[in-house]
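Observations on the three-dimensional arrangement
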Amino acid sequence: MSRPLLESAKLGAIELKNRIVMAPMTRSRAGDGDAPTALNAEYYAQRASAGLIITEGTQPSANGKGYARTPGIYSEAQVQGWAAVVDAVHAAGGSMVMQLMHCGRIASHYNKDTDAETVAPSAIQAKGQMYTDAKGMVDFDVPRALATGEIAGVIDEYRQATANALRAGFAGVELHCTSGYLPAQFLSTGTNRRDDRYGGSVANRIRFVVETLEAMGAVDGMDRVGMRICPGNPFNDLFDEDPEETFATLLDAVNDHGLAYLHVIRMQKGSVDNIALAREHFDGPLILNDGYDFAEANDAVASGVAAAISFARPFIGNPDLVERFASGAELAGFDPKTLYTPGPAGYTDYPRAESADG
Ligand SMILES: Cc1cc2nc3c(=O)[nH]c(=O)nc-3n(C[C@H](O)[C@H](O)[C@H](O)COP(=O)(O)O)c2cc1C
């Protein structure tokens, strides 16, 4: 079997020693003030043989927080916490990109600072509930609709977060543009009922995302900015009348911007062929994701469709996933009960394969 996954690559200005990317995973273990800790540094450093690690979704502002114990990148303590994480990963030979995740309406005020707000394109509450440490499962907040004049400020939060992430030592940043969070809420007809220049027509609904990418790219070049998409993803009560048209229009609008990469969740059960859509409307490198194993991932790179493949769940129980793929060692599973619980259990205590220990 040819193994192009083990070869190096360059995505824009971001260098990968192999094409095995650790996909973003929220693990809800940030410390005081939503700052990363030594435990987080240990977790990521254990996985530094990945060609690139994409962090868990990280809020660009206090308002952007939705879930319990997720990290931020807007306070100095958070920047310093992340700098220590990046240093540990670099020392172990790895490279990192930060995923910026503003949850918008997918939030509970019980998970937020007391002076933070839940904001969204329109004041439409998501159906469903989320976990909070204070009250257990609660309904999502009813969001406050952003005024037109406030939107530039939200976009600027992403710019500042990008500057902070690059200062902390990250090789780049990724805009989380799916899974029902703020950018997806702007894109989709079910969550965006605005009648200003950020709502209504598809040209208006994509404006927030295009302007956000441009703000992120203005910090140190678009070749350090990636975007994650999954057209047709219904997660978190997201609905769009025509996701294919929405994402085709978005990709056409940013195709000539020189993004480092597009990170595509293929979601095989969805209504849209996300890989075909991405290939048709985006000329830059693709990172593909969702349910790949080593053989299929190698095929996707060998065929020229993908530059790299990202893996999420396999990295939870296999800190040495790259070495296990290379040696053909068996993969370990993981305990779903400790995905989002504080502390090292189910986080930093998954062992390396014996053969990989050397
Ligand atoms: C525990 C967990 C947390 C996740 N958190 C995020 C996240 O913060 N941001 C994101 O874009 N995707 C997140 N995802 C989705 C994964 O990145 C990935 O798309 C999904 O697990 C499918 O890839 P896989 O088959 O390799 O696991 C998460 C998945 C898991 C299992």
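Scroll up to find the structure this text is about.
Procedures and definitions
- Residues numbered from 1 in each chain as written.
- Predicted model: local features only at pLDDT ≥ 70, side-chain atom pairs only at ≥ 80, totals over all residues.
- Heavy atoms only, no water.
- Helix = DSSP H or I, 4+ residues; strand = E, 2+ residues; numbered from the N terminus.
- Rg over C-alpha atoms; globule rule 2.2 N^0.38 Å.
- Buried < 20%, exposed > 50% of the residue type's maximum accessible area, 1.4 Å probe, protein only.
- Areas by Shrake-Rupley, 256 points an atom, 1.4 Å probe, with all protein chains shown as cover.
- Near = heavy atom within 4 Å.
- Polar contact = N/O pair within 3.5 Å; in protein donor to acceptor, adjacent residues only side chain to side chain.
- 1 Å grid on protein atoms, 1.4 Å probe; cavity = no way out; pocket = protein on both sides within 12 Å on 5 of 7 lines; lining within 4 Å.
- Sits in = over half its atoms within 2 Å of the grid points.
- Nonpolar A, V, L, I, M, F, W, Y, C, P; charged D, E, K, R; others polar.
- Patch = residues over 30% accessible without salt bridge, like charges linked within 9 Å, V, L, I, M, F, W, Y side chains within 5 Å.
- Salt bridge = Lys/Arg side-chain N within 4 Å of Asp/Glu carboxyl O.
- Lys, Arg positive; Asp, Glu negative; His and termini not counted.
- Charge placed at Lys NZ, Arg CZ, Asp CG, Glu CD.
- Points joined across faces, edges and corners; volume = space filled by probe spheres on them.
- Axes fitted to C-alpha atoms, helices over the stretch in contact; angles between N-to-C directions.
- Parallel < 35°, antiparallel > 145°, perpendicular 65-115°, else oblique.
- Left-handed = near helix turned anticlockwise from the far one by under 90°.
- Contact = heavy atoms within 4.5 Å.
- Phe/Tyr/Trp six-rings, centres within 6.5 Å; stacked < 30°, edge-to-face > 60°.
- Core = buried A, V, L, I, M, F, W, Y, C linked by side-chain atoms within 4.5 Å.

1. Focus on the overall build of the protein
Looking only at helices and strands, the protein features twelve helices and 14 strands. On C-alpha atoms alone, the protein measures out to a radius of gyration of 19 Å, which is about the 21 Å that the 2.2 N^0.38 rule sets for 358 residues. When its C-alpha atoms are laid out on the principal axes, the protein stretches across 60 × 45 × 35 Å. Across the 358 residues that make up the protein, the buried fraction comes to 59%. Looking at the protein as shown, the accessible area adds up to about 13500 Å², and 51% of this sits on carbon and sulfur atoms.

2. Re the site of the ligand
Taken together, 18 residues form the shell around the ligand, and within it Thr 26, Arg 228, Asn 289, Gly 291 and Arg 313 come nearest. Within the side chain of Asn 289, an N or O atom sits 2.7 Å from an oxygen atom of the ligand. Taking Ala 312, its main chain carries an N or O atom lying 2.9 Å from an oxygen atom of the ligand. Here the ligand, which alone exposes 610 Å², has 85% of that area covered by the protein. Taken atom by atom, the bulk of the ligand overlaps the largest pocket. Partitioning the shell around the ligand into residue classes produces nine nonpolar, six polar and three charged.

3. Points about helix α6 (residues 207-220)
Buried within α6 are the following residues: Phe 208, Val 209, Val 210, Thr 212, Leu 213, Ala 215, Met 216 and Gly 217. Where α6 ends, the next residue or the one after it, Gly 221, has phi of about 100 degrees, a positive value.

4. A few points about a negative patch on the surface
A surface patch of like charges, here negative, comprises Glu 241, Asp 242, Glu 244, Glu 245, Asp 252, Asp 273 and Glu 280. With three residues, helix α7 (residues 243-254) is the single largest residue contributor to the negative patch. Note that Glu 244 resides in helix α7. Looking at Glu 244, the relative accessible area reads 43%, which means it is partly exposed.

5. Structural notes on the layout of surface pockets
The calculated volume of the largest pocket comes to roughly 1100 Å³. If you trace the largest pocket, you find 36 residues lining it, with Pro 24, Met 25, Thr 26, Phe 235 and Tyr 340 closest to the centre. Of all the secondary-structure elements, those providing two or more residues to the lining of the largest pocket are β7 (129-132), β14 (308-311) and α10 (313-317). No other element matches α10, which puts three residues into the lining of the largest pocket. Across the lining of the largest pocket, the residue classes tally to 21 nonpolar, ten polar and five charged.

6. A closer look at the packing of helix α1 (residues 38-46) against helix α2 (residues 76-91)
Viewed as axis vectors pointing N to C, α1 and α2 meet at an angle of 30 degrees, and their least axial separation amounts to 8 Å. As summarised for this structure, α1 and α2 are arranged roughly parallel, according to the angle between their axes. In this structure, α1 meets α2 at a crossing whose hand is right-handed. Facing Asn 40, Ala 41, Tyr 44 and Ala 45 of α1, the residues of α2 in contact are Trp 82, Ala 84, Val 85, Ala 88 and Val 89.

7. What to know about the packing of α7 against helix α8 (residues 274-281)
In the contact formed by α7 and α8, the axes pass within 9 Å of each other and the chain directions differ by 30 degrees. In terms of orientation, α7 and α8 fall into the roughly parallel class. Seen along the crossing, α7 lies across α8 with a hand that is right-handed. Here Glu 244, Phe 247, Ala 248, Leu 251 and Asp 252 of α7 lie close against α8, whose contacting residues are Leu 277, Ala 278 and His 281. Of the residues that constitute the contact of α7 with α8, the class distribution is five nonpolar, one polar and two charged.

8. Description of the packing of aromatic side chains
Two measures describe an aromatic ring pair: the distance that separates the ring centres and the angle between the ring planes. This model, assessed by the stated rule, comprises ten aromatic pairs. Their ring planes at 10 degrees and their centres at 4.2 Å tell us that Phe 186 and Phe 208 sit as a pair that is stacked. Linking Phe 186 in helix α4 (residues 182-187) with Phe 208 in helix α6, this pair joins segments that are 22 residues apart in sequence. The same class applies to Phe 186 as to Phe 208, namely buried. Centre to centre, the rings of Phe 294 and Phe 325 are 4.7 Å apart; their planes meet at 15 degrees, and the pair counts as stacked.

9. As for the nonpolar core
Membership of the largest hydrophobic core comes to 83 residues, with the highest contact counts inside it found for Phe 208, Met 227, Leu 250, Ile 309 and Phe 311. Residue contributions to this core peak at seven residues, all from helix α3 (residues 148-168). Beyond its immediate sequence surroundings of up to four residues, Phe 311 is in contact with Leu 5, Ile 20, Val 21, Met 22, Ala 23, Asn 289, Tyr 292, Asp 293, Ala 297, Leu 321 and Phe 325. Ala 9, Leu 16, Ile 54 and Tyr 261 belong to the second largest nonpolar core, which has 14 residues in total.

10. Describing the side chain of Arg 228
Looking at the secondary structure, you find Arg 228 in strand β11 (residues 225-229). Although Arg 228 is buried, it makes no salt bridge; Glu 174 carries the closest opposite charge, 4.2 Å away. A polar atom in the side chain of Arg 228 sits 3.0 Å from the side chain of Asn 289. If sequence neighbours within four positions are ignored, Arg 228 has contacts with Ala 23, Pro 24, Gln 99, Glu 174, Leu 175, His 176, Cys 177, Thr 178, His 263, Ile 265, Asn 289 and Ser 310.

11. Considering the side chain of Asp 141
By secondary structure assignment, the location of Asp 141 is in the loop between β8 (136-139) and β9 (144-145). Put simply, Asp 141 is tucked away with no salt bridge, and the nearest opposite charge, on Lys 112, sits 5.4 Å away. Within the structure, the side chain of Asp 141 is placed 2.8 Å from the backbone nitrogen of His 109, a separation counted as a polar contact. With residues up to four places along the chain from it excluded, the contact list for Asp 141 reads Arg 105, Ala 107, Ser 108, His 109, Thr 118 and Gln 125.

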